[in-house]
Amino acid sequence: GAVVSQHPSWVICKSGTSVKIECRSLDFQATTMFWYRQFPKQSLMLMATSNEGSKATYEQGVEKDKFLINHASLTLSTLTVTSAHPEDSSFYICSARPSGGFSYNEQFFGPGTRLTVL
Amino acid sequence: GNSVTQMEGPVTLSEEAFLTINCTYTATGYPSLFWYVQYPGEGLQLLLKATKADDKGSNKGFEATYRKETTSFHLEKGSVQVSDSAVYFCALTVQGAQKLVFGQGTRLTINP
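Residues numbered from 1 in each chain as written. Chains lettered and ligands numbered in written order. Predicted model: local features only at pLDDT ≥ 70, side-chain atom pairs only at ≥ 80, totals over all residues. Heavy atoms only, no water.

### Concerning the overall build of chain B
The secondary structure content of chain B amounts to zero helices and 12 strands. If you list the helices and strands of chain B from N to C, you get β-β-β-β-β-β-β-β-β-β-β-β. On C-alpha atoms alone, chain B measures out to a radius of gyration of 13 Å, which is about the 13 Å that the 2.2 N^0.38 rule sets for 112 residues. Overall size of chain B, expressed as C-alpha extent along the three principal axes, is 45 × 30 × 20 Å. Looking at chain B residue by residue over its 112 residues, the buried ones come to 45%. Within chain B, counting contacts between residues at least 6 apart in sequence, those at least 24 apart form 56% of the total. Accessible surface computed for chain B: about 5,300 Å², of which carbon and sulfur atoms make up 47%. Counting 9 positive and 10 negative side-chain charges, chain B places the centres of these two groups 8 Å from one another. (Helix = DSSP H or I, 4+ residues; strand = E, 2+ residues; numbered from the N terminus. Rg over C-alpha atoms; globule rule 2.2 N^0.38 Å. Buried < 20%, exposed > 50% of the residue type's maximum accessible area, 1.4 Å probe, protein only. Contact = heavy atoms within 4.5 Å. Areas by Shrake-Rupley, 256 points an atom, 1.4 Å probe, with all protein chains shown as cover. Lys, Arg positive; Asp, Glu negative; His and termini not counted. Charge placed at Lys NZ, Arg CZ, Asp CG, Glu CD.)

Below, the structure is given as C-alpha coordinates:
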(Lines give C-alpha, C1' and ligand atoms only; values in the text may rest on other atoms or scores of the structure.)
Protein backbone atom coordinates (compact mmCIF):
# COMPACT_ATOMS: atom_id res chain seq x y z
CA GLY A 1 0.00 0.00 0.00
CA ALA A 2 0.82 3.73 0.08
CA VAL A 3 1.74 4.11 -3.57
CA VAL A 4 2.15 7.49 -5.23
CA SER A 5 2.33 7.85 -8.98
CA GLN A 6 3.43 10.72 -11.16
CA HIS A 7 2.62 11.37 -14.77
CA PRO A 8 4.41 11.84 -17.01
CA SER A 9 7.67 10.29 -15.90
CA TRP A 10 9.54 12.51 -18.32
CA VAL A 11 8.61 15.34 -20.65
CA ILE A 12 10.43 17.47 -23.18
CA CYS A 13 8.87 20.75 -24.20
CA LYS A 14 9.71 23.91 -26.08
CA SER A 15 10.52 27.13 -24.31
CA GLY A 16 7.41 29.21 -23.64
CA THR A 17 4.99 26.30 -23.40
CA SER A 18 3.25 25.07 -20.26
CA VAL A 19 3.61 21.61 -18.79
CA LYS A 20 1.31 19.87 -16.34
CA ILE A 21 2.54 17.16 -13.98
CA GLU A 22 0.10 14.95 -12.09
CA CYS A 23 0.64 13.38 -8.69
CA ARG A 24 -1.78 10.69 -7.55
CA SER A 25 -2.10 8.69 -4.36
CA LEU A 26 -3.28 5.33 -5.62
CA ASP A 27 -4.47 3.52 -2.51
CA PHE A 28 -4.94 6.19 0.11
CA GLN A 29 -6.37 9.64 0.52
CA ALA A 30 -4.01 12.53 0.98
CA THR A 31 -5.15 15.81 2.44
CA THR A 32 -1.68 17.19 1.93
CA MET A 33 0.75 16.78 -0.92
CA PHE A 34 4.15 18.31 -1.39
CA TRP A 35 6.07 19.35 -4.47
CA TYR A 36 9.84 19.24 -4.56
CA ARG A 37 12.45 20.17 -7.10
CA GLN A 38 15.76 18.39 -7.32
CA PHE A 39 18.76 19.63 -9.24
CA PRO A 40 21.44 17.18 -10.37
CA LYS A 41 23.43 15.76 -7.45
CA GLN A 42 21.61 17.99 -4.99
CA SER A 43 19.04 17.59 -2.28
CA LEU A 44 15.33 18.13 -2.58
CA MET A 45 14.05 21.66 -2.40
CA LEU A 46 10.49 21.99 -1.16
CA MET A 47 8.56 24.20 -3.54
CA ALA A 48 5.09 24.18 -2.05
CA THR A 49 2.63 22.41 0.19
CA SER A 50 -0.66 21.56 -1.43
CA ASN A 51 -3.78 21.14 0.70
CA GLU A 52 -6.93 19.67 -0.76
CA GLY A 53 -9.56 22.31 -1.37
CA SER A 54 -7.41 25.29 -0.51
CA LYS A 55 -4.60 27.35 -1.96
CA ALA A 56 -1.11 25.97 -1.93
CA THR A 57 1.50 27.38 0.40
CA TYR A 58 4.66 28.30 -1.47
CA GLU A 59 8.15 28.38 -0.06
CA GLN A 60 10.10 31.59 -0.11
CA GLY A 61 11.54 32.33 -3.52
CA VAL A 62 9.15 30.09 -5.46
CA GLU A 63 7.02 31.98 -7.98
CA LYS A 64 3.40 31.02 -7.44
CA ASP A 65 2.36 32.39 -10.82
CA LYS A 66 4.94 30.26 -12.57
CA PHE A 67 4.36 27.04 -10.67
CA LEU A 68 0.61 26.60 -10.43
CA ILE A 69 -0.58 23.95 -8.01
CA ASN A 70 -4.07 22.52 -7.88
CA HIS A 71 -5.17 19.94 -5.31
CA ALA A 72 -8.71 19.31 -6.47
CA SER A 73 -9.30 15.95 -4.81
CA LEU A 74 -7.95 13.80 -2.00
CA THR A 75 -5.98 11.71 -4.47
CA LEU A 76 -4.75 14.19 -7.06
CA SER A 77 -2.51 17.23 -7.11
CA THR A 78 -1.17 18.88 -10.25
CA LEU A 79 1.82 21.13 -10.83
CA THR A 80 1.75 23.29 -13.95
CA VAL A 81 4.96 24.94 -15.03
CA THR A 82 3.79 27.93 -17.02
CA SER A 83 5.82 29.50 -19.82
CA ALA A 84 8.63 27.07 -19.19
CA HIS A 85 12.23 28.09 -19.84
CA PRO A 86 15.43 26.03 -19.93
CA GLU A 87 16.24 27.00 -16.35
CA ASP A 88 13.05 25.20 -15.27
CA SER A 89 14.54 21.93 -16.43
CA SER A 90 14.76 19.73 -13.38
CA PHE A 91 13.50 16.61 -11.63
CA TYR A 92 10.16 17.30 -9.95
CA ILE A 93 9.06 14.99 -7.16
CA CYS A 94 5.78 14.94 -5.29
CA SER A 95 4.94 13.32 -2.00
CA ALA A 96 1.67 12.65 -0.27
CA ARG A 97 0.79 12.50 3.39
CA PRO A 98 -2.06 10.13 4.21
CA SER A 99 -5.15 11.56 5.83
CA GLY A 100 -5.21 8.75 8.33
CA GLY A 101 -4.11 5.22 9.16
CA PHE A 102 -0.40 6.00 9.09
CA SER A 103 2.11 7.77 11.28
CA TYR A 104 1.13 11.43 11.10
CA ASN A 105 4.64 12.36 10.02
CA GLU A 106 4.92 9.94 7.15
CA GLN A 107 5.06 10.99 3.52
CA PHE A 108 5.15 8.76 0.47
CA PHE A 109 7.02 9.86 -2.60
CA GLY A 110 6.26 9.60 -6.26
CA PRO A 111 8.89 8.37 -8.73
CA GLY A 112 9.53 11.86 -10.08
CA THR A 113 9.10 13.66 -13.39
CA ARG A 114 12.08 14.79 -15.41
CA LEU A 115 11.31 18.01 -17.26
CA THR A 116 13.57 19.18 -20.06
CA VAL A 117 12.85 22.54 -21.64
CA LEU A 118 14.52 23.16 -24.97
CA GLY B 1 15.28 26.40 13.20
CA ASN B 2 15.27 22.82 12.03
CA SER B 3 18.12 21.45 9.99
CA VAL B 4 19.89 18.23 9.04
CA THR B 5 23.58 17.80 8.30
CA GLN B 6 24.93 14.72 6.57
CA MET B 7 28.47 13.64 5.94
CA GLU B 8 29.65 14.82 2.60
CA GLY B 9 29.98 12.36 -0.19
CA PRO B 10 30.56 10.75 -2.40
CA VAL B 11 31.34 7.59 -0.50
CA THR B 12 32.90 4.66 -2.33
CA LEU B 13 33.26 1.26 -0.72
CA SER B 14 33.98 -2.28 -1.74
CA GLU B 15 31.33 -4.95 -1.52
CA GLU B 16 30.92 -6.43 1.98
CA ALA B 17 32.48 -3.39 3.64
CA PHE B 18 30.95 -1.75 6.71
CA LEU B 19 28.99 1.42 6.04
CA THR B 20 28.39 4.45 8.22
CA ILE B 21 26.77 7.64 6.97
CA ASN B 22 26.68 10.30 9.63
CA CYS B 23 23.64 12.47 10.22
CA THR B 24 23.14 15.11 12.89
CA TYR B 25 20.22 17.41 13.38
CA THR B 26 18.97 20.49 15.13
CA ALA B 27 15.30 20.76 15.89
CA THR B 28 12.80 22.65 17.95
CA GLY B 29 10.71 20.16 19.85
CA TYR B 30 10.93 16.41 19.40
CA PRO B 31 11.51 15.38 15.81
CA SER B 32 10.83 12.17 13.99
CA LEU B 33 13.84 11.04 11.99
CA PHE B 34 14.02 9.30 8.65
CA TRP B 35 16.43 7.86 6.13
CA TYR B 36 15.33 7.88 2.52
CA VAL B 37 17.09 6.20 -0.40
CA GLN B 38 17.02 7.33 -4.01
CA TYR B 39 18.12 4.88 -6.68
CA PRO B 40 19.28 6.28 -10.02
CA GLY B 41 16.45 7.94 -11.94
CA GLU B 42 13.86 7.22 -9.27
CA GLY B 43 12.02 9.03 -6.51
CA LEU B 44 12.67 8.63 -2.83
CA GLN B 45 11.83 5.54 -0.87
CA LEU B 46 11.58 5.44 2.88
CA LEU B 47 14.36 3.22 4.18
CA LEU B 48 13.75 3.44 7.91
CA LYS B 49 12.48 5.76 10.58
CA ALA B 50 12.50 6.43 14.32
CA THR B 51 9.97 8.56 16.12
CA LYS B 52 11.43 8.92 19.62
CA ALA B 53 14.72 8.89 21.46
CA ASP B 54 16.55 5.54 21.61
CA ASP B 55 14.33 4.02 18.93
CA LYS B 56 16.20 1.96 16.36
CA GLY B 57 14.92 1.88 12.82
CA SER B 58 15.96 -1.02 10.64
CA ASN B 59 15.29 -2.30 7.14
CA LYS B 60 17.16 -4.32 4.51
CA GLY B 61 20.15 -4.70 6.81
CA PHE B 62 20.39 -0.97 7.47
CA GLU B 63 20.04 0.42 10.98
CA ALA B 64 19.94 3.83 12.62
CA THR B 65 19.43 4.75 16.26
CA TYR B 66 17.80 7.98 17.39
CA ARG B 67 20.35 9.52 19.79
CA LYS B 68 18.90 12.53 21.54
CA GLU B 69 22.03 13.22 23.60
CA THR B 70 24.18 13.58 20.50
CA THR B 71 21.34 14.72 18.19
CA SER B 72 22.37 12.07 15.72
CA PHE B 73 20.81 9.41 13.51
CA HIS B 74 23.73 7.68 11.81
CA LEU B 75 22.98 5.08 9.15
CA GLU B 76 24.90 1.78 9.34
CA LYS B 77 25.07 -1.47 7.47
CA GLY B 78 27.38 -4.32 8.28
CA SER B 79 28.02 -5.62 4.77
CA VAL B 80 27.09 -3.54 1.75
CA GLN B 81 26.20 -4.83 -1.67
CA VAL B 82 26.52 -3.35 -5.13
CA SER B 83 22.75 -2.93 -5.17
CA ASP B 84 23.03 -0.50 -2.25
CA SER B 85 24.56 2.08 -4.56
CA ALA B 86 22.23 5.08 -4.33
CA VAL B 87 21.84 8.49 -2.76
CA TYR B 88 20.84 8.46 0.90
CA PHE B 89 18.98 11.34 2.55
CA CYS B 90 18.55 11.92 6.24
CA ALA B 91 15.44 13.90 7.13
CA LEU B 92 13.34 15.07 10.03
CA THR B 93 9.94 16.43 10.74
CA VAL B 94 8.68 17.93 13.96
CA GLN B 95 5.30 17.60 15.55
CA GLY B 96 2.90 20.21 14.34
CA ALA B 97 4.89 20.89 11.18
CA GLN B 98 4.03 19.32 7.87
CA LYS B 99 7.37 19.70 6.17
CA LEU B 100 10.21 17.24 5.90
CA VAL B 101 13.61 18.83 6.26
CA PHE B 102 16.26 17.00 4.26
CA GLY B 103 19.99 16.77 4.55
CA GLN B 104 22.05 17.35 1.46
CA GLY B 105 22.23 13.68 0.54
CA THR B 106 25.17 11.30 0.40
CA ARG B 107 25.98 9.44 -2.79
CA LEU B 108 27.12 5.89 -2.10
CA THR B 109 28.87 3.74 -4.67
CA ILE B 110 29.67 0.11 -3.96
CA ASN B 111 32.25 -1.56 -6.17
CA PRO B 112 32.26 -5.33 -6.71
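### Quick look at the sheet that holds strand β3 (residues 19-25) of chain A
Residues and elements named next belong to chain A. An order of β1-β3-β8-β7 is seen for the four strands of this open sheet, with the pairing classed as antiparallel. The sheet is open, and its two borders are formed by β1 (4-7) and β7 (67-73), each paired with just one other strand. Recorded for the sheet is a direction-independent mean angle of 15° between the axes of neighbouring strands. Looking at chain direction, β7 and strand β8 (residues 76-81) are connected through five bridges and run antiparallel. Looking at β8, one finds that S73 is bridged to L76. (Pairing = 2+ DSSP bridges. Axes fitted to C-alpha atoms, helices over the stretch in contact; angles between N-to-C directions.)

### Let's talk about the interface of chain A and chain B
Counting from both sides, the interface comprises 23 residues of chain A and, opposite them, 22 residues of chain B. Roughly 1,700 Å² of surface becomes buried between chain A and chain B when both sides are summed, with 50% attributable to carbon and sulfur atoms. The tally of links between chain A and chain B comes to one salt bridge. Inspection of the chain A/chain B interface yields four residue pairs in polar contact (both at pLDDT 80 or more). Among the secondary structure elements, those contributing two or more residues to the side of chain A that touches chain B are β4 (30-38), β5 (44-51) and β9 (90-98) of chain A. Among the residues forming the side of chain A that touches chain B, the class breakdown is nine nonpolar, 10 polar and four charged. (Buried area = accessible area lost by both parts, 1.4 Å probe. Salt bridge = Lys/Arg side-chain N within 4 Å of Asp/Glu carboxyl O. Polar contact = N/O pair within 3.5 Å; in protein donor to acceptor, adjacent residues only side chain to side chain. Nonpolar A, V, L, I, M, F, W, Y, C, P; charged D, E, K, R; others polar.)

### Points about the pairing of strand β5 (residues 31-38) of chain B
The side chains of a regular strand alternate, residue by residue, between the two faces of the sheet. Residue and element names in this part refer to chain B. A large share of β5 lies buried, amounting to eight of its eight residues. Here β5 shows two buried faces, one formed by P31, L33, W35 and V37 and the other by S32, F34, Y36 and Q38. Pairing between β5 and strand β10 (residues 86-94): eight bridges, direction antiparallel. Its bridge partner lying in β10, Q38 is registered against V87. Where β5 and strand β6 (residues 44-50) come together, six bridges link them in antiparallel fashion. Each residue of the ladder has a partner; that of V37, found in β6, is Q45. The turn joining β5 and β6, which pair antiparallel and follow one another in sequence, is formed by five residues; a positive phi near 75° is taken by G41.

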